[in-house]
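Residue-level structural notes
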Amino acid sequence: MTKILITGACGQLGSELTAELRNLYGSGNVVATDISAPNAQLGEGPFEHLDVMDKERLERLIDQYDVKIVYHLAALLSANAEKNIDLAWKLNMDGLLNVLKVARDKNLERIFWPSSIAVFGPDAQKKRTPQTTPTNPTTVYGITKVAGEQWCAYFHRKFGVDVRSLRYPGLIGYKSLPGGGTTDYAVDIYHKALAGDTFSCFLEKDSALPMMYMSDAVKATIELMNVPAEKITVRTSYNVSAISFTPEEIAASIQARIPDFGIEYQPDYRQEIASSWPDSIDDTEARSDWNWKPAFDLKKMTADILENLPQVIEKA
Ligand code: SER
């Protein structure tokens, strides 16, 4: 069985992706790595401490476990990146370049690397932002994602590295918490609603952003990684879309089930980041190249989270 290694496995996406890959391909075949200690969400299976800026350790682990596929998720997200631009550049770029070079030198089968809607800045079309359009991001995180996409395309073109990527929208799940992102409010809001608290939102009520339920994100990632290479026409990173909503709209979807839920708005520096990003995304290429189709809209996502999050909170 092909061995898989995941970096940033303890993160919001990493935790759920690790659990699903272990479920699909066998616990022993998926090596979870992170700088943080493993959490229960990852399930049974090998875990190794790995700082992705340490290329030698990455190489040693690839050899030790005979890894052929890497999901490289370790990165600083948008809001944290604005607070530490040096670390953001170093971690997001050196980490990716280390993985791409190891993939080239050790002839790895396949790499996944996440890009983001943060590649787009104010020059991009705001609604239904197309795959190809001026990007010109205004955040450090966006700069690292645009540069990263170009490195992926370069390593594919020049060295034949089969690296695949998605421009994730904000990812929303109830099993694990995000950290340091601008779209994190859309996870926190459910926790506050269930606790009976008023939610203080750091974005304006009408600030629309592209979002996606975690199970759709995991599905999109695994589908892309299983597509035959010749079907992939985008070697920077694919636009993928699912839902687009404002804080006011997600609050209303919660109020339909918890009528007493209250929200107030106290926008901070993250509003500026959100304002620079698209409202919604056109993902025609993903839909036609590998049949991408999300399963969750806002109503269905809210219903699923409000039903399942209480059990997760109880266990914690
Ligand atoms: N969800 C991420 C963030 O807010 C964007 O990729 O930083």
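See the structure above.
Residues numbered from 1 in each chain as written. Predicted model: local features only at pLDDT ≥ 70, side-chain atom pairs only at ≥ 80, totals over all residues. Heavy atoms only, no water.

Here we look at the packing of helix α1 (residues 12-25) against helix α7 (residues 214-226)
Helix packing for two helices is described by the angle between their axes and how far apart those axes are. Which entries qualify depends on this criterion: Convention adopted: a line fitted to C-alpha atoms gives each axis, helices being fitted over their contacting stretch, and angles between N-to-C directions are expressed from 0 to 180 degrees. In DSSP terms, a helix is any run of H or I states spanning at least four residues, a strand is any run of E spanning at least two, and both are numbered starting from the N terminus. Note that the term roughly parallel is reserved for angles under 35 degrees, roughly antiparallel for angles over 145, roughly perpendicular for angles of 65 to 115, and oblique for everything else. Two helices that cross are described as forming a left-handed crossing if the nearer one is turned anticlockwise from the farther one by less than a right angle, and a right-handed crossing if clockwise. Residues count as neighbours in contact if any of their non-hydrogen atoms are within 4.5 Å of one another. Basically, the charged four are Asp, Glu, Lys and Arg, the nonpolar ten are Ala, Val, Leu, Ile, Met, Phe, Trp, Tyr, Cys and Pro, and anything else, Gly included, counts as polar.
In contact at an axis separation of 10 Å, α1 and α7 are set at 55° when each is read in the N-to-C sense. By the angle class used here, α1 and α7 are oblique. Helix-helix and strand crossings are classified by hand; for α1 and α7 the assignment is right-handed. In this structure, α1 uses Q12, L13, E16, L17, E20, L21, L24 and Y25 to contact α7, whose residues at the interface are M214, V218, T221, I222 and N226. For the contact of α1 with α7, the class distribution of residues is 8 nonpolar, 3 polar and 2 charged.

Let's talk about the site of the ligand
What counts here: Note on definitions. A residue lies near a molecule or strand when any single heavy atom of the residue is within 4 Å of it. Polar contact criterion, stated in full: a pair of N or O atoms within 3.5 Å, where within protein one must be able to donate a hydrogen and the other to accept it, and residues adjacent in sequence count only if both atoms are side-chain atoms. All accessible areas in this document rest on Shrake-Rupley with a 1.4 Å probe, and a residue is counted as covered only by the protein chains that are shown.
Neighbouring the ligand are the residues L77, S78, S116, Y141, G170, G181, T182, T183 and W277. Contact distances for the ligand include 2.7 Å between an oxygen atom and a side-chain N or O atom of S116. Side-chain polar atom of T183 to a nitrogen atom of the ligand: 2.8 Å apart, as the coordinates give it. Calculation on the ligand without its partners gives an accessible area of 240 Å², and the protein chains cover 93% of this total.

Some thoughts on the sheet that holds strand β7 (residues 170-172)
The condition is simple: We call two strands paired when DSSP finds no fewer than two bridges between them.
The strand order across the open sheet built from 3 strands is β7-β9-β11, with neighbouring strands paired in mixed fashion. The open sheet has two edge strands, β7 and β11 (243-245), and neither has a second partner. Strand-to-strand twist in this sheet, taken as the mean axis angle between neighbours without regard to direction, amounts to 40°. Bridging between β7 and strand β9 (residues 209-213) involves 3 bridges; their strand directions are parallel. Looking at β9, one finds that G170 is bridged to M211.

Here's the deal with the environment of V240
Rule in force here: For every residue, the accessible area (1.4 Å probe, protein chains only) is compared with the maximum for its type, and the residue is labelled buried under 20%, exposed over 50%, or partly exposed between those bounds.
Along the polypeptide, V240 turns up in the loop between β10 (238-239) and β11. Overall, V240 belongs to the buried group, its relative accessible area being 0%. Expressed as a C-alpha distance, the spacing of V240 and M212, which sit 28 residues apart in the sequence, is 9.0 Å. In this structure V240 touches L166, R167, Y168, P169, M212, I281, D283, A286, W290 and W292, once residues within four positions along its chain are discounted.

Here's the deal with the side chain of N239
Along the chain, N239 falls in strand β10. Of note is the side chain of N239, whose polar atom sits 3.4 Å from the backbone oxygen of P130. Within polar-contact distance, the side chain of N239 engages the side chain of R167 at 2.9 Å.

As for the pattern of salt bridges
When charged atoms on two side chains of opposite charge get close, those side chains can pair. What counts here: Here, a salt bridge means any Lys or Arg side-chain nitrogen found within 4 Å of an Asp or Glu carboxyl oxygen.
Across all of its chains, the model carries 16 salt bridges by this definition. A salt bridge links D63 to K106, with the nearest nitrogen and oxygen atoms 3.1 Å apart. Here D63, found in helix α2 (residues 55-65), pairs with K106, found in the loop between α4 (85-105) and β5 (110-116); they are 43 residues apart in sequence, far enough to count as distant. What makes D63 partly exposed here is its relative accessible area of 48%. For K106, a relative accessible area of 28% translates into the label partly exposed. Two residues, K192 and D188, come together in a salt bridge whose shortest N-O distance is 3.2 Å. Remark: D188 and K192 occur in helix α6 (residues 185-195); sequence separation between them is 4 residues, near one turn of the helix. Overall, D188 belongs to the partly exposed group, its relative accessible area being 30%. Through salt bridges with shared partners, one network takes in R110, D162, R164 and R235.

Notes on the nonpolar core
The nonpolar side chains of a soluble globular protein tend to be buried, and buried together. Selection criterion: Grouping buried Ala, Val, Leu, Ile, Met, Phe, Trp, Tyr and Cys residues that are joined through side-chain atoms within 4.5 Å yields what is termed a nonpolar core.
Within the largest apolar cluster, 67 residues are counted, with the highest numbers of intra-cluster contacts made by I172, Y185, I189, Y190, F245 and M301. Among the elements that take part in this core, α4 stands out by supplying 8 residues, more than any other. Ignoring sequence-local partners within four residues, the contact set of I172 consists of Q12, A186, V187, Y190, M211, M212, Y213, M214, F245, M301 and I305. Ranked by size, the runner-up nonpolar core spans 33 residues in total, among them L21, A32, V240 and W292.

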